[in-house]
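Structural overview for review
One-letter residues, chain by chain:
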Amino acid sequence: MKLIFEKSVPGRGCSILPACDVEEVSLPEGLARETAPALPEMAETDISRHYTELCKRVHGVNCGFYPLGSCTMKYNPRIDEEMAALPGFTGIHPLAPAGTTEGCRQVLDTARQYLCEISGMDDMTFQPAAGAHGEFTGVLLIKQYHQARGDAKRTKIIVPDSAHGTNPATANMCGFEVVNIASAPNGCVDLEALKAVLGDDTAGLMLTNPNTVGIFDENILEITRLVHEAGGLCYYDGANLNAVMGVVRPGDMGFDCIHMNLHKTFATPHGGGGPGAGAVGCKDFLARFLPKSALMDGGDSIQVRSFAGNFLVVVRALTYVMTLGCEGVPEAAKNAVLNANYLMHKIRGTFEPAFDRICMHEFVLDLSGFKKETGVSALDVAKTLIDNGMHPPTMYFPLIVHEALMLEPTETESMDTLDLAAAIFRELYDLAHRDPEYMHNAPHNAQIARPDEVRAARNPVLRWNRV
Ligand SMILES: *Cc1c(COP(=O)(O)O)cnc(C)c1O
């Protein structure tokens, strides 16, 4: 398929703008660019066909099952898109006079209220543009808190070895030393390991619960108590709230601040790198450090992005919560957990769960025994799934499980889809024993076979050059 730049024809275009009927003004000298930007020139038909062609080459939630663990690839109701497309929301400007933005501010206030209720926090900012950005904001709140108290010796953030990679990266970006602790054999926090590293240099702990192996840590109250006792704060990585929303609240588990990926749990489509929101909530005692609107007096507050963040993502989240209501939100969570357990149960006996116990919204398979037996790896299985119309699960994560495949079916899949997925897994299990070679070379019917991943990582071609 040709790139859009290769399809460009000089002089071609689509005139969607009416003729200018106001006086033309030139930019001041020095601000105007000297050469025109190299934008593709195409007719509207060709643009439409280009994107439709691209669309056919990818697998989205609207194409089929997409159990990409830790990513919550669920179906997003159309009504959320419709609300986000209302002209009153799309046409607003952040510098518009306050009297004209009342509705938008109500959206932000109501969303803040509902999401604080769901997370058990007292206040919230929508500035961060993604999950990792939210973590950064949350850990900066912890840093500000210690600094404001003149407690300069707290330089360490504790992160379990099962954590999402963004956790240690965030702590590091915020200038902390990362202290890794090994998980207990059941995948949860090892209390003795935690006690051993806690001290008066502990700034905080970053944790996700349910953790990345899909298990709810039963010691959570003891964990947060120990961290507080040592003078540290507890950060909840709530990228994925699917298992617990409306059922238990991170604030009640003892966490002081949290980020939630509105683009995972709360209905904004993601996966293509579009706008997201890592809403950051905190308890009252941290609220004065939260980012304020750029136009307000900052005081102690930190600033991580302009204005109110990706506002339309908040509109979708609010619509999602309001359409589900206080009964629908926990029901969605319970169905997400039910679906994950159902699928795990149906696959068990072929591919084995890494932790064979009731899971939350996702579970991890350990294919190391299977690989020894057949020579077929988790990567081979993932690639063969593509030929079967299914998006591969998350692979080789979390790092504490070797040959890991992590599945998150989400609440929006039917029992039929789960049965079909389980049948495909069983088929591939048999195929691996019959014809491993076939699986080493999969996918056979996809747009792209097996890219050379080493070359792609070492010599990435990141831009197109007009030659
Ligand atoms: C997705 C995810 C993140 C990061 O969110 P981004 O929006 O991709 O930056 C952090 N932690 C966990 C557990 C996640 O699943």
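Residues numbered from 1 in each chain as written. Predicted model: local features only at pLDDT ≥ 70, side-chain atom pairs only at ≥ 80, totals over all residues. Heavy atoms only, no water.

**Brief notes about the sheet that holds strand β8 (residues 352–353)**
Taking strand neighbours across the sheet as the criterion, the four strands line up as β8-β9-β11-β10 in an open arrangement whose pairing is antiparallel. Among the strands making up the open sheet, the edge pair consists of β8 and β10 (394–395). Inspection of the sheet shows β10 paired to strand β11 (residues 404–407) by two bridges, in the antiparallel sense. The partner of methionine 395 across the bridge, within β11, is leucine 405. (Pairing = 2+ DSSP bridges. Helix = DSSP H or I, 4+ residues; strand = E, 2+ residues; numbered from the N terminus.)

**Considering the pairing of strand β4 (residues 202–207)**
Of all six residues that make up β4, six are buried, and the element is covered over most of its length. Pairing of strand β2 (residues 156–160) with β4, which is carried by three bridges, proceeds in the parallel orientation. Its bridge partner being in β4, isoleucine 158 is matched across the sheet by leucine 205. In this sheet, strand β5 (residues 233–238) lies alongside β4 in parallel orientation, the contact comprising four bridges. Within β5, the residue paired with leucine 205 across the bridge is cysteine 234. (Buried < 20%, exposed > 50% of the residue type's maximum accessible area, 1.4 Å probe, protein only.)

**A look at unusual backbone geometry**
The peptide bond linking asparagine 209 to proline 210 adopts the cis configuration, its omega dihedral lying at 5 degrees. Tracing the chain through its elements places proline 210 in the loop between β4 and α9 (220–229). Going from alanine 442 to proline 443, the amide bond is cis rather than trans, its omega being 0 degrees. For proline 443, the position within the fold is in the loop between α15 (436–440) and α16 (453–458). Of note, glutamate 403 is a non-glycine position whose phi angle comes to about 50 degrees, a positive value. Judged by its relative accessible area of 12%, glutamate 403 falls in the buried class.

**Quick notes on empty space enclosed by the protein**
In total, this model carries three cavities of 30 Å³ or more according to the counting rule given. Considered as a void within the structure, the largest cavity measures approximately 140 Å³ in volume. If you trace the largest cavity, you find it lined by Ser70, His164, Thr208, Pro210, Asn211, Thr212, Asp237, Ala239, Asn240, Lys264, His361 and Glu362. Grouping the constituent residues of the lining of the largest cavity by class yields two nonpolar, seven polar and three charged. (1 Å grid on protein atoms, 1.4 Å probe; cavity = no way out; pocket = protein on both sides within 12 Å on 5 of 7 lines; lining within 4 Å. Points joined across faces, edges and corners; volume = space filled by probe spheres on them. Nonpolar A, V, L, I, M, F, W, Y, C, P; charged D, E, K, R; others polar.)

**Some thoughts on helix α6 (residues 131–148)**
Compared with the 26 Å implied by 1.5 Å per residue over 18 residues, the 25 Å span of α6 between its first and last C-alpha is a close match. Looking only at α6, the buried set comprises Gly131, Gly134, Glu135, Thr137, Gly138, Val139, Leu140, Leu141, Ile142, Tyr145 and His146. Next to the buried residues of α6 lie β2, α7 (166–173), β4, β5, β6 (257–261) and β7 (278–282). Following α6 by one or two positions, glycine 150 adopts a phi angle in the positive range, close to 70 degrees. (Expected span 1.5 Å × (residues − 1). Contact = heavy atoms within 4.5 Å.)

**Looking at the packing of helix α11 (residues 311–347) against helix α14 (residues 415–434)**
Orientation of α11 relative to α14, taken along the N-to-C sense of each, is 30 degrees, at an axis distance of 9 Å. Judged by the angle between their axes, α11 and α14 are roughly parallel. For the pair α11 and α14, the crossing hand works out as right-handed. Residue-level contacts link Asn339, Tyr342, Leu343, Lys346 and Ile347 of α11 to Met415, Leu418, Asp419, Ala421, Ala422, Phe425 and Arg426 of α14. (Axes fitted to C-alpha atoms, helices over the stretch in contact; angles between N-to-C directions. Parallel < 35°, antiparallel > 145°, perpendicular 65-115°, else oblique. Left-handed = near helix turned anticlockwise from the far one by under 90°.)

**A few points about the side chain of threonine 268**
Looking at the secondary structure, you find threonine 268 in the loop between β6 and β7. Excluding anything up to four places from it in sequence, threonine 268 contacts Asn76, Leu262, His263, Pro275, Val313 and Arg316.

**Quick notes on the layout of surface pockets**
Size it by volume and the largest pocket reaches roughly 1,200 Å³. Among the elements of the structure, α2 (44–56), α3 (78–84) and α13 (378–387) are those that each provide at least two residues to the lining of the largest pocket. Classifying every residue of the lining of the largest pocket by side-chain character gives 17 nonpolar, 14 polar and eight charged.

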